[in-house]
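# Architecture at a glance
As a plain string of letters, each chain reads:
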Amino acid sequence: MGHLVTVATCSLNQWVLDWEGNLARIIESIHLAKAAGARLRVGPELEICGYSSLDHFHELDVYTHSLEMLRQLLLDKSTYGILLDVGVPILHRNLRYNCRVICLDGKILLIRPKMWLANDGNYREMRHFTPWMRPRETELFHLPKMLAELQGETHVLFGDAVISTPETAFGAETCEELFTPKAPHIDMALDGVEIITNSSGSHFTLRKLDTRLQLITEATRKNGGVYLYANQQGCDGERLYFDGCAMIIVNGDVVAQGSQFSLNDVEVVTATVDLEEVRSYRAAISRGMQAASSTAKYQRIQTPFELSSEDDDADVSKAPTLPIQPRYHSVEEEIALCGGCYLWDYLRRSGTAGYLVPLSGGIDSCATAVVVYSMCRIVMQAIEQGNQQVIADVKRIAKYGGEGVLPKTAQELCNQVFTTIYMGMRKQSSRETRQRARDLSEAIGSYHVNLDIDDVYEAQKNLLVSTVGFDPKFKVEGGTVQENLTLQCLQARIRMVTAYEFGQILPTARQRPGGGSLLVLGSANVGESADINPIGSIDKADLKRFIAWAEKNFDLPCLHEFLTAVPTAELEPITQDYVQSDEADMGMTYQELTIFGRLRKLNKLGPFGMFQRLVHDWSIDRERRPDDDTPYYTPAQVAEKVKKFFHFYAINRHKMTTLTPALHCNDYSPDDNRFDLRPFLYPPFWKSWSFKRIDMELEKIEKKRANKKQ
């Protein structure tokens, strides 16, 4: 028996319910794995139907079509000669399971259901599937006729087992199972399984790769073994971006790593591993005693198929793949690459003509525009690398310079697929914001529209005057808070309607072949409406870092002006002694807002718990290190800020129910539709018991502070 084994894992850009497209990408990945000499291939979770099928998993069609695609895969002899681990939803005894189907040469060896389902944050697997609750047990699965004819049998094994080849054994775990305290790979490894596959549907968040990589490497660092990690890549139809990064790890060392962000629909990662290295690594006496005493024994399904051979061992040109240093991107790069790749997938799959962004001259809309420009840069790089799918998509969408002509620069592509529009008001909009919008458009090459909405605004305002005889005024003109808000919201709604109007007709007005419409992109403001928001879950600090990074790396010196400008909505008239400021309006800084958001979502703190935490973290009385840049306030100031945050959170929560879908990038996103499920009608927080408890705690703290000063 040989001991050198070539294995393959992959990242696939699957699309929900794109049955034939998904199957074609699976088959292409198998062909690439075979061409590299691999004898085992693992793919992403639920790759047949697409991971984000969500409530479609309740439909029987999904299970029927999944098996029909599996049948076509089993019939395709070009996929023979390699052991396959494929992600398929399976209906078994009236229960829906998220499964791995292990097959070889047109025959199913095992159907392995997922045991520990992801059900936190964006994941809802318990809504759609039943977990397999009997570890290391199997039963018979009755094959439907279309598969039984190929199998030559009516039943195959279903459950938690492993595959045994002449030289080794391999087992499968699925995504979330890796993240559990007692992951299946632990018992598998102690029972002698040397190769473990993990098929994932793991979505991107900023800084997540480090955590993921730690868990994956730890899976074999203590116990030894070969670990194959496969993942979905791209936008498969939801607000999540799956960031690929297929990997192969041996004894805790990364030996192969795929791209985290890519426009390649199929990316296969292979490595040659030495099974003898696994056996040597597992020679530790303490591990051996745990393995010998373990009662967790797996049923082994035997196959004569060899993953290696003695002939391979005699081939001196074949050698184990050496360890590499894992590759990480900075947060700034992650924003540029994730946003750019997601927007390209969304654009090409939506069938629209491009994007439109209303520019305000502020950093939020600037960041959205720069993410689109990043998309254009990524697309141009893919064209230069000869990516045929991207080239075909660009020819279809951009239609630059005539039939079959490709743009030569990111700016040329940007001009075809991206429109920016500045919608000013003569009293409220400054020359500086208008100029910043124009400078940014010229730098990135977008088609730019510069207009004023005064006429529409006055007409709509006069409708109120003529109807009810009341003429509302801004705060600086002596108006009330309600009048001020009314006039500010009126401008925002006019801009929304205008953006959609121009997005609908501009491709036709520009005489673009095929016409079509533009998708309106949002820029994080919950009062706006848009089709998609690429920065909706990114905090202000990360956005500023991204813009500073893009200024240098994208050669956009005009971005410096956005970084130094005071954040303002410019919804109120500018006077000699008043310019509207976002942070003044909120009563808190953006840094503080980020801290509140993290404590609310990640630390799961309510008003009282948050006050108890921040009254210490932000204490003006505590000693501080020179590098400590956290805010510092008196206990009373902390109480006021916490109350203000939860008050505004409560009265604006209903807006989240209709919030523009935002690309998920942070674990404290307020997205009500998938990630942060809470009521949208709250009792007045100012009268709540939580706020009364804050006042009681504040009184105790102030008494203690007073006693210490005496």
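The structure displayed is predicted, hence computed values, not measured ones.

Helices and strands together make up the secondary structure of the chain, namely 24 helices and 20 strands. Relative to the globule expectation of 27 Å for 710 residues, the C-alpha radius of gyration of the chain, 29 Å, shows essentially globular dimensions. Taken along its principal axes, the extent of the C-alpha atoms in the chain is 90 × 80 × 50 Å. The proportion of buried residues among the 710 residues of the chain is 55%. Nonlocal contacts in the chain, meaning residues at least 24 apart in sequence, comprise 72% of its contacts between residues at least 6 apart.

Let's shift gears to unusual backbone geometry. For Asp 105, which is not glycine, the phi dihedral falls at a positive 50°. Its place among the elements puts Asp 105 in the loop between β4 (95-104) and β5 (107-113). Look at Arg 136: it is not a glycine, yet its phi comes out positive at around 65°. One can find Arg 136 in the loop between α3 (125-128) and β6 (138-142). Judged by its relative accessible area of 29%, Arg 136 is partly exposed.

Attention shifts here to the UniProt feature "domain: CN hydrolase" (unreviewed entry) in the chain. Feature annotation in UniProt assigns "domain: CN hydrolase" (unreviewed entry) to the following positions: residues 5-275. Across residues 5-275, the secondary structure splits into 26% helix and 34% strand, with the terminal C-alpha atoms separated by 7 Å.

So, about the sheet that holds strand β20 (residues 518-520). Strands sit in the order β19-β18-β17-β20 across an open sheet of four strands; the sheet is parallel. Edge strands, defined here as strands with exactly one partner in the open sheet, are β19 (447-452) and β20. Within the sheet, the average angular offset between the axes of one strand and its neighbour, ignoring direction, is 25°. Two strands pair when backbone bridges link them, and strand β17 (residues 354-359) and β20 are joined in this way by three bridges, in the parallel orientation. Along β20, the bridge assignment pairs Gly 354 with Leu 518. Across the face of the sheet, helix α14 (residues 410-417) comes into contact with β17, β18 (418-424) and β19 while running at roughly 65° to β18. Sitting on the sheet, helix α15 (residues 431-444) touches β17, β18 and β19, and the angle it makes with β19 is about 165°.

With their axes 9 Å apart at the nearest point, helix α12 (residues 363-384) and α14 run at an angle of 120° to one another. With respect to α14, the element α12 is oriented oblique. The element α12 and its partner α14 pack so that their crossing is right-handed. Each of Tyr 373, Met 375, Cys 376, Arg 377, Val 379 and Met 380 in α12 lies in contact with α14, whose residues at this interface are Ala 410, Gln 411, Leu 413, Cys 414 and Val 417.

Here we take up the packing of helix α23 (residues 635-652) against helix α24 (residues 689-709). Interhelical geometry of α23 versus α24 gives an angle of 170° and a closest axis separation of 10 Å. The orientation of α23 with respect to α24, classified from their angle, is roughly antiparallel. Only Phe 691, Ile 694, Asp 695, Leu 698, Ile 701, Glu 702 and Arg 705 of α24 make contact with α23, whose side of the interface consists of Pro 635, Ala 636, Ala 639, Val 642, Lys 643, Phe 646 and His 647. Partitioned by chemical class, the residues of the contact of α23 with α24 number nine nonpolar, one polar and four charged.

Okay, the environment of Tyr 649 next. In this structure, Tyr 649 sits in helix α23. Considered as a pair, Tyr 649 and Tyr 80 are 569 residues apart in the sequence and their alpha carbons are 57 Å apart. Sequence-distant contacts of Tyr 649, defined by excluding residues within four places in its chain, comprise Arg 600, Asp 676, Arg 678 and Tyr 682. Only 3.3 Å separates the side chain of Tyr 649 from the side chain of Arg 600, close enough to count as a polar contact.

A separate point is the side chain of Ser 53. The topology assignment puts Ser 53 in the loop between β2 (40-42) and α2 (60-75). Judged by its relative accessible area of 1%, Ser 53 falls in the buried class. Once residues lying within four places of it in the same chain are set aside, the contact partners of Ser 53 are Val 16 and Leu 17.

Below, the discussion takes up the nonpolar core. One finds Met 375, Leu 440 and Leu 559 to be the most contacted residues of the largest nonpolar core, which totals 64 residues. Apart from the residues lying within four places of it in its own chain, the contact partners of Leu 440 are Leu 359, Cys 366, Ala 369, Val 370, Cys 558, Leu 559 and Phe 562. Of all hydrophobic cores here, the second largest spans 49 residues; its members include Ile 30, Cys 49, Ile 82 and Phe 141.

So, about α14. One turn of an α-helix holds 3.6 residues; hence residues three or four places apart share an orientation. Among the residues of α14, Ala 410, Leu 413, Cys 414, Gln 416 and Val 417 are the ones counted as buried. Seen from one end, α14 has its buried residues packed into an arc of 165°, which puts them on one side.

This paragraph deals with the pairing of β5. Remark: a regular strand shows side chains that alternate across the two faces of the sheet. For β5, the buried fraction is high: six of the seven residues fall into the buried class. Bridge count for β4 against β5 is six bridges, and the pairing is antiparallel. Within β5, the residue paired with Val 101 across the bridge is Ile 111. In textbook terms, the turn of a hairpin is the stretch between consecutive antiparallel strands, and for β4 and β5 this stretch comprises two residues, one of which, Asp 105, has a positive phi near 50°.

Rules used throughout
- Per-chain numbering applies: the sequence of each chain, read as written, is numbered from 1 onward.
- Only residues with pLDDT of at least 70 get local features here, since the model is predicted, and only at 80 or more are side-chain atom pairs given and counted; chain-wide, interface and lining totals rely on the full set of residues.
- Heavy atoms from the whole structure form the basis of all side-chain values; hydrogens and water molecules are not counted.
- We count a stretch as a helix when DSSP gives it H or I for four or more residues in a row; a strand needs E for two or more, and each element gets its number in order from the N terminus.
- In this setup the radius of gyration rests on C-alpha atoms only. A globule is expected at 2.2 Å times the number of residues raised to 0.38.
- Relative accessible area decides the class of each residue, using a 1.4 Å probe on protein chains only: under 20% of the type maximum gives buried, over 50% gives exposed, and in between gives partly exposed.
- Contacts are assigned to residue pairs that have any heavy atoms within 4.5 Å of one another.
- UniProt positions are given in the numbering used here, feature names are shortened, and annotations may be inferred rather than shown by experiment.
- Two strands qualify as a pair provided that DSSP identifies no fewer than 2 bridges between them.
- Throughout, an axis means a line fitted to C-alpha atoms (over the contacting stretch in the case of helices), and angles, computed between N-to-C directions, take values from 0 to 180 degrees.
- Throughout this description, any angle smaller than 35 degrees is read as roughly parallel, any larger than 145 degrees as roughly antiparallel, any in the 65 to 115 degree range as roughly perpendicular, and the remainder as oblique.
- What makes a crossing left-handed is the near helix being turned counterclockwise from the far one by less than a right angle; a clockwise turn instead makes it right-handed.
- Three classes are used, and their members are as follows: Ala, Val, Leu, Ile, Met, Phe, Trp, Tyr, Cys and Pro are nonpolar, Asp, Glu, Lys and Arg are charged, and the others, Gly among them, are polar.
- Within 3.5 Å is the distance limit for a polar contact, defined as a pair of N or O atoms, with the added protein rule that one can donate a hydrogen and the other accept it, and that residues adjacent in sequence qualify only through two side-chain atoms.
- Definition of nonpolar core: a set of buried residues of the types Ala, Val, Leu, Ile, Met, Phe, Trp, Tyr and Cys, connected through side-chain atoms within 4.5 Å.
- For this quantity, the arc is that covered by the directions from the helix axis to the C-beta atoms.

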